[in-house]
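# Reading the structure
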Amino acid sequence: MSGPLVVLVGPMGVGKSTVGQLLAERLGVSYRDTDDDIVAEQGRTIAEIFVDEGEAAFRAIEKAAVRRALVEHDGVLALGGGAILDADTRALLAGQRVAYLSMDVEEAVKRTGLNAARPLLAVNPRKQWRELMEARRHLYEETATAVVATDGRTPEEVTEAALDALELKEA
Ligand code: S3P
């Protein structure tokens, strides 16, 4: 299997970057995050891209960034929460080892709250979260080879659970 050792998907605020870095450490590989790639390449924040050009333009930039990272990176790769909305991206993820970090909506609202850096949650976060997860849950599930629940768990516990679920624990 070529491509990253592990790809992490899941909603914003679920802990993809924290767990991704812990996983990479445990596996002795490097960590990469497509949101960081986009900010570095564009020289502006994700919120700025949304404001300047809108969500559709951001999704096109994101799609190219994910495609590139899947080819270039062989460690742990975290994708932005909406990357799986794109059918071509989902097709590229078929055959990869993909962990979906999940959390329930109440936990999501608590963790992300009103967060200006996350343009999709700018107002009425509880309603937005509910709608977002209704639209996306099945896409996360169909893309993932392992689902790891994060509710009530520390990042270290989630990392252990992910290693187990992905069958990456040494015997
Ligand atoms: C988004 C998630 C964000 C970022 C953008 C859109 C989404 O990434 O790509 O704000 O649509 O869920 P994180 O999941 O890394 O926060």
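Nothing here was measured: the structure is a model prediction, and the numbers come from that model. Within each chain, residues carry numbers counting from 1 in the order of the written sequence. Local features in this predicted model are restricted to residues whose pLDDT is 70 or higher, and side-chain atom pairs enter the listing and the counts only when it is 80 or higher, whereas totals over whole chains, interfaces and linings include all residues. Side-chain metrics rest on all non-hydrogen atoms present in the structure, leaving aside hydrogens and water.

### Topic: the UniProt feature "binding site: substrate" (unreviewed entry) in the protein
- If you check UniProt for "binding site: substrate" (unreviewed entry), the listed places come out as Asp-35, Arg-59, Gly-81 and Arg-136 in our numbering.
- In this structure, Gly-81 sits in the loop between strand 3 (76-78) and helix 5 (87-93).
- Residue classification places Gly-81 among the buried positions, given a relative accessible area of 11%.
- Contact criterion: two residues are considered in contact whenever any of their non-hydrogen atoms come within 4.5 Å of each other. Setting aside its immediate chain neighbours within four residues, Gly-81 contacts Gly-10, Pro-11, Met-12, Lys-16, Arg-136 and Tyr-140.
- Position of Arg-136 among the secondary structure elements: in helix 7 (residues 125-143). UniProt positions are given in the numbering used here, feature names are shortened, and annotations may be inferred rather than shown by experiment. Helix numbers and strand numbers start at the N terminus; a helix is a DSSP run of H or I with at least 4 residues, a strand a run of E with at least 2. Exposure classes here rest on a 1.4 Å probe applied to the protein chains alone. A residue is buried below 20% of its type maximum, exposed above 50%, and partly exposed in between.

### Notes on the nonpolar core
- Grouped together as the largest cluster of nonpolar side chains are 42 residues, with contacts concentrated most on Leu-8, Val-9, Leu-23, Leu-79 and Trp-129.
- If one sorts the elements of this core by residue count, helix 7 sits on top with five residues.
- Definition used in this section: a nonpolar core is a set of buried Ala, Val, Leu, Ile, Met, Phe, Trp, Tyr and Cys residues joined via side-chain atoms within 4.5 Å. By size, the runner-up hydrophobic cluster in this structure holds seven residues, among which are Ile-46, Ile-49, Phe-50 and Phe-58.

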